[in-house]
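Structural overview for review
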Amino acid sequence: MNIQLKKLSESALLPVRGSEYAAGYDLFSDIDSDVSIAPHETKLIGTGISVAIPDGYFGGIYARSGLSSKEGLRPANCTGVIDSDYRGEIKVPVHNDSNEIRVISPNQKIAQMIIQPFLSVEFEEVDSLDDTARGSKGFGSTGK
């Protein structure tokens, strides 16, 4: 699949895969200088790129496992969605879950994007739903 991409600045880096079989493409910060993120604070970090994702797909924005587990940094919304009709800059709201100030540097990997298909559905309002063995039992009802 070919994804059209536009660099919005000279310093922007193209997304890259960390290995041959990686599902995610690393996104890099496109900032002029270090950005400090206080404990439990969120800062919006630009990537300097915009993309044209094909209809029927979206770009899922996910945490990078190393950044999350070692630094406590993750996308604030946990999973971001870049819709196929969005043409603005991809920005990542980076949240600091740690109790220490963390720093994002220029051209640092801040998240990963996975291009995913989705189903477009229409919701139909009804008076009742079919019965199942589980019914309305939730939140731990199937065991630990």
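Residues numbered from 1 in each chain as written. Predicted model: local features only at pLDDT ≥ 70, side-chain atom pairs only at ≥ 80, totals over all residues. Heavy atoms only, no water.

1. What about the overall build of the chain?
Rules: Numbering of helices and strands runs from the N terminus; a helix is a DSSP stretch of H or I covering at least four residues, while a strand is a stretch of E covering at least two. Atoms considered for the radius of gyration are the C-alpha atoms alone. The globule rule reads 2.2 Å times the number of residues to the power 0.38. Only protein chains enter the accessibility calculation, which uses a 1.4 Å probe; a residue is then buried when its area is under 20% of its type maximum, exposed when over 50%, and partly exposed in between. Note on contacts: a residue pair is in contact if any heavy atoms of the two residues lie within 4.5 Å. Areas reported as accessible are Shrake-Rupley estimates using a 1.4 Å probe. Residue values count occlusion only from the protein chains shown. When charges are counted, Lys and Arg contribute as positive and Asp and Glu as negative, whereas His and the chain ends are disregarded. Just so you know, the charge point we use is NZ for Lys, CZ for Arg, CG for Asp and CD for Glu.
Of the regular secondary structure elements, the chain holds 1 helix and 12 strands. For 144 residues, the compact-globule formula gives about 15 Å, and the C-alpha radius of gyration of the chain, at 19 Å, lies well above that figure. Dimensions of the chain along its principal axes, counting C-alpha atoms only, are 55 × 40 × 30 Å. Looking at the 144 residues of the chain, the share that counts as buried comes to 30%. Counting only contacts in the chain whose residues sit at least 6 apart along the sequence, the fraction spanning at least 24 positions is 73%. Taken as a whole, the chain presents about 9700 Å² of accessible surface, with 49% of it coming from carbon and sulfur. Side-chain charges of the chain comprise 14 positive and 20 negative groups, with the mean position of each set lying 8 Å from the other.

2. Structural notes on the side chain of Ser84
Relative to the helices and strands, Ser84 is located in the loop between strand S9 (80-82) and strand S10 (91-96). Ser84 has contacts with Ile53, Pro54, Asp55 and Tyr57, leaving out every residue within four places of it along the chain.

3. Looking at unusual backbone geometry
Of note in the backbone geometry, His40 takes a positive phi value of approximately 65° without being a glycine. As for its placement among the helices and strands, His40 is situated in the loop between strand S4 (35-37) and strand S5 (42-46). With a phi angle near 60°, Asn107 is a residue other than glycine that sits in the positive phi range. Along the chain, Asn107 turns up in the loop between strand S11 (102-104) and strand S12 (109-117).

4. Considering the nonpolar core
The cut-off we apply is this: What we call a nonpolar core is a set of buried Ala, Val, Leu, Ile, Met, Phe, Trp, Tyr and Cys residues that are connected through their side-chain atoms within 4.5 Å.
If you look at the biggest cluster of nonpolar residues, it comprises 20 residues, and the most contacted ones within it are Ile45, Ile61, Ile90, Val94 and Ile104. When residues of this core are traced back to their parent elements, those giving at least two are S4, strand S6 (49-52), S10 and S12. A per-element tally of this core places S12 first, with 3 residues.

5. With respect to the pattern of salt bridges
To keep it simple, the criterion reads: Whenever a carboxyl oxygen of Asp or Glu lies within 4 Å of a side-chain nitrogen of Lys or Arg, that contact is scored as a salt bridge.
Taken as a whole, this structure holds 5 salt bridges when the rule is applied. Measuring nitrogen to oxygen at the nearest pair gives 3.4 Å for the salt bridge that ties Asp26 to Lys109. Placement of Asp26 in strand S3 (residues 25-28) and of Lys109 in strand S12 is noted, with a sequence separation of 83 residues between them. A relative accessible area of 6% places Asp26 in the buried class. Where Glu100 meets Arg102, a salt bridge forms, and the shortest distance between an N and an O atom there is 3.7 Å. On the accessibility criterion, Glu100 (48% relative accessible area) is partly exposed. Classification of Arg102 by relative accessible area gives buried; the value is 15%. Salt bridges sharing common partners tie together Asp26, Arg64 and Lys109.

6. What to know about the environment of Tyr62
Where we set the bar: Pairs of N or O atoms within 3.5 Å make up the polar contacts considered here, provided that, within protein, one atom can donate a hydrogen while the other can accept it, and that residues adjacent in sequence are counted only when both atoms are side-chain atoms.
By the secondary structure assignment, Tyr62 is in strand S7 (residues 57-62). Each C-alpha atom of the pair Tyr62 and Asp97 lies 15 Å from the other, and the pair is 35 residues apart in sequence. What Tyr62 contacts, discounting residues up to four positions off in sequence, is Pro75, Cys78, Thr79, Ala111, Gln112, Ile114 and Gln116. Of the polar contacts made by the side chain of Tyr62, one reaches the side chain of Gln116; its length is 2.7 Å.

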